[in-house]
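Coordinate inspection notes
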Amino acid sequence: MYRPVIASQRSLPLWMIALIVFGVLGVLGVTIGLLVHFLAVENKTYYYQGNFKIKDIPYNSNYEKETSEETTALSKMIETRMIDAFQASSIHNHYISSQVTKLYPQSDGITVDIWLMFKSTPGKKADMRRKIGSILHNMLKNNSASFNSDPSSLKLTEISKVQAEKTINNCCGRRAKMSSVYDRIKGGSAAQDGEWPWQASLKIKGRHYCGASLISNIWLVTAAHCFKQYKNLSDWTVSFGTVVNPPYMKNKIQDFIIHENYNPYSQHDDIAVVRLAEPVPFTNNVHRVCLPEATQNFLPGSDVVVTGWGALSYDGLYPKLLQKAPVKIIDTEICNSRDSYGGLVLDTMLCAGYMEGYIDACQGDSGGPLVYPNSRNIWFLVGIVSWGDECGKKNKPGVYTRVTSYRPWITSKTGI
Ligand code: 4AZ
């Protein structure tokens, strides 16, 4: 009988077998780990938009205006309910932010557009979408004390990041990156990309000269005194973004309109509007600030922020990056005291800063924005950097053009 020759009994040494087994197991482990990480553990951001109907609110066209008192009050109430609902839910770890983006008043109620941002693993996406819908549905069902809604009207769809950012960038006074770390000029600090997207630089022959604020895709608001010396249209350009030179984008201007009664001696009516030659496309880094209603009142002590590429000290160096400085609105009576400006601050002006000095706007910040975040964290232009006795001096805070005083003037020139 044929007997095959049995292979040598000699085998690999034990240590080598162990090494091979561990090697194979190691590679397998890393592969499975990576697969699990990318398919299941890796959190991605998902965006949703939706709408629902609120009943029994009589028609009021003010709900159509994105910054009216009515819109702010109702939107804030709904936003608070949404935050509470998501934070008390089983998906609170996945919740990032939610907001009301538009109200549509009708004869029998209001349709509310909402915008939501969540993080989740791709594997749990469908489950997440279902849970969000059910949390919102319950919120609407159990909320008759605040507003009478129709839970069955709720619609919710996932949208792309591009679509989500477009919706936010078309609204005034918002930030696309809803960063909660916008931590909190002279005494200021460098701004992050997209933090102050309405800030523009008005340049003379390519050199930064003044600040300005974007209020639509073609109009900017600035100070009249920026045009005192240079009136030749073709010398001016406008740029956006945090880096002043070289700019992220450059626009020509078609026209500027200086306030008819601007007085260079008293700085009365220190306001102008600038029309761009081409509309700017809104992006995360370039979009408009909200304008307050003429009747809006910003109280002394309110926290506001001034931004600009102005000098870091009086007659000092200029920064390359946009600077932000947190300041407070100061009572006009205090600002007009004998030690301070002794009556030079008119009621169409507003003081902001600190009586002890240090943090302030400075040369080159002129025309730029002083902004206030309302209770919904939507930013409003309350002041335009106008004048002051040097920068950061004790008892000499910055003086700003009071935007609410010029609300009808801005509308008369721009239609906004
Ligand atoms: C200026 O010369 C200027 N401290 C702007 C603002 C202030 C002072 C001077 C406020 O453009």
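In this report, we go over the structure that sits alongside the text. All values reported here derive from a predicted model rather than from experimental measurement.

Okay, the overall build of the chain next. Across its full length, the chain holds six helices and 17 strands. A compact globule built from 416 residues would reach a C-alpha radius of gyration of about 22 Å, whereas the chain, at 29 Å, exceeds it by more than 25%. Of all 416 residues assigned to the chain, the portion counted as buried reaches 47%.

Taken together, the four strands give an open sheet; going across it, the order is β2-β3-β1-β4, and neighbouring strands pair in antiparallel fashion. Only two strands of the sheet have a single partner each, and these edge strands are β2 (95-106) and β4 (148-159). Between one strand axis and the next, the sheet turns by 20 degrees as a mean value, whatever way the strands run. Note: strand β1 (residues 44-55) against β4, eight bridges, orientation antiparallel. Bridge assignment links Lys55 to a residue of β4, and that residue is Asn148.

So, about the sheet that holds strand β6 (residues 199-204). Strand order in the closed barrel formed by six strands is β6-β7-β8-β11-β10-β9, and the pairing between neighbours is antiparallel. Across the sheet, the mean angle separating the axes of adjacent strands is 45 degrees when strand polarity is ignored. Judged from the six bridges that link them, β6 and strand β7 (residues 207-214) form a sheet pairing that is antiparallel. In the sheet register, Leu202 faces β7, and the bridge partner there is Cys210. Across the sheet, helix α6 (residues 407-414) lies against β8 (219-222), β10 (249-258) and β11 (272-276), angled at about 30 degrees from β11, the strand it touches most.

Its volume calculated, the largest cavity comes out at about 40 Å³. Taken together, Asp193, Gly194, Trp196, Pro197, Gly241, Thr242, Asn285 and Leu322 make up the lining of the largest cavity. Taken together, the residues that form the lining of the largest cavity break down as three nonpolar, four polar and one charged.

Counted at 1.5 Å a residue, the expected span for helix α2 (residues 69-87) with its 19 residues is 27 Å, and the 27 Å between its end C-alpha atoms agrees. Where α2 is concerned, the buried positions are Thr71, Thr72, Leu74, Ser75, Ile78, Glu79, Met82 and Phe86. Looking at the buried side of α2, the elements it contacts are β1, β2, β3 (109-120) and α3 (125-141).

Let's shift gears to the site of the ligand. Near the ligand the following residues occur: Asp360, Ala361, Cys362, Gln363, Gly364, Ser366, Val385, Trp387, Gly388, Glu390, Cys391 and Gly398. At a separation of 2.8 Å, a nitrogen atom of the ligand approaches a polar side-chain atom of Asp360. Contact between the ligand and Ala361: a nitrogen atom at 2.9 Å from a main-chain N or O atom of the residue. If the ligand stood free it would expose 300 Å²; the protein chains cover 84% of that surface.

This next bit is on the packing of aromatic side chains. The relation between two aromatic rings is expressed through the spacing of the ring centres and the mutual angle of the planes. On inspection of all chains with the given rule, the structure shows 13 aromatic pairs. Where Phe86 meets Phe118, the ring centres are 5.1 Å apart and the plane angle is 80 degrees; that geometry is what we call edge-to-face. Of this pair, Phe86 sits in helix α2 while Phe118 sits in strand β3, and the two are 32 residues apart along the sequence. Given the relative accessible area of 0%, Phe86 is considered buried. Both rings, one in Phe298 and one in Tyr372, keep their centres 5.0 Å apart while their planes meet at 65 degrees; by these two values the pair is edge-to-face. With Phe298 in the loop between β11 and β12 (303-308) and Tyr372 in strand β15 (residues 369-373), this residue pair connects regions lying 74 residues apart in the sequence. We classify Tyr372 as partly exposed; its relative accessible area is 22%. Within the aromatic cluster, the residues linked to one another by ring pairs are Tyr209, Phe227, Tyr230, Trp236 and Phe256. In this arrangement the basic side chain of Lys102 is found over the ring face of Tyr104, its NZ or CZ atom lying 5.4 Å from the centre. Seen from the ring of Trp196, Arg175 lies directly overhead, with NZ or CZ sitting 4.6 Å from the centre.

Considering all chains together, one arrives at 11 salt bridges under this definition. Of the charged contacts, one joins Glu195 and Lys324 as a salt bridge, the two residues approaching to 3.0 Å between their closest N and O atoms. Of this pair, Glu195 sits in the loop between β5 (189-190) and β6 while Lys324 sits in strand β13 (residues 323-330), and the two are 129 residues apart along the sequence. Each of the two residues, Glu195 as well as Lys324, counts as buried. Overlapping salt bridges bring together Asp127, Arg130 and Lys131 as one network.

Inspection of the secondary structure assignment puts Arg402 in strand β17 (residues 398-402). For the buried Arg402, no salt bridge is present, and the opposite-charge side chain at shortest range is Asp347, 7.0 Å distant. Among the polar contacts made by the side chain of Arg402, one reaches the side chain of Thr332 at a distance of 3.5 Å. A polar atom in the side chain of Arg402 sits 3.1 Å from the backbone oxygen of Met349. Each residue touching Arg402, except ones within four places of it in the same chain, is listed here: Thr332, Asp347, Thr348, Met349, Leu350 and Val382.

To continue, consider unusual backbone geometry. Following Asn245, the chain continues to Pro246 via a peptide bond in cis, the omega torsion being 0 degrees. Look at Asp269: it is not a glycine, yet its phi comes out positive at around 55 degrees. Among the structural elements, Asp269 can be located in the loop between β10 and β11. Taking relative accessible area as the criterion, Asp269 reaches 7% and is therefore assigned buried.

Definitions and cut-offs
Residues numbered from 1 in each chain as written. Predicted model: local features only at pLDDT ≥ 70, side-chain atom pairs only at ≥ 80, totals over all residues. Heavy atoms only, no water. Helix = DSSP H or I, 4+ residues; strand = E, 2+ residues; numbered from the N terminus. Rg over C-alpha atoms; globule rule 2.2 N^0.38 Å. Buried < 20%, exposed > 50% of the residue type's maximum accessible area, 1.4 Å probe, protein only. Pairing = 2+ DSSP bridges. Axes fitted to C-alpha atoms, helices over the stretch in contact; angles between N-to-C directions. Contact = heavy atoms within 4.5 Å. 1 Å grid on protein atoms, 1.4 Å probe; cavity = no way out; pocket = protein on both sides within 12 Å on 5 of 7 lines; lining within 4 Å. Points joined across faces, edges and corners; volume = space filled by probe spheres on them. Nonpolar A, V, L, I, M, F, W, Y, C, P; charged D, E, K, R; others polar. Expected span 1.5 Å × (residues − 1). Near = heavy atom within 4 Å. Polar contact = N/O pair within 3.5 Å; in protein donor to acceptor, adjacent residues only side chain to side chain. Areas by Shrake-Rupley, 256 points an atom, 1.4 Å probe, with all protein chains shown as cover. Phe/Tyr/Trp six-rings, centres within 6.5 Å; stacked < 30°, edge-to-face > 60°. Lys NZ or Arg CZ within 6 Å of the ring centre and 35° of its normal. Salt bridge = Lys/Arg side-chain N within 4 Å of Asp/Glu carboxyl O. Lys, Arg positive; Asp, Glu negative; His and termini not counted.

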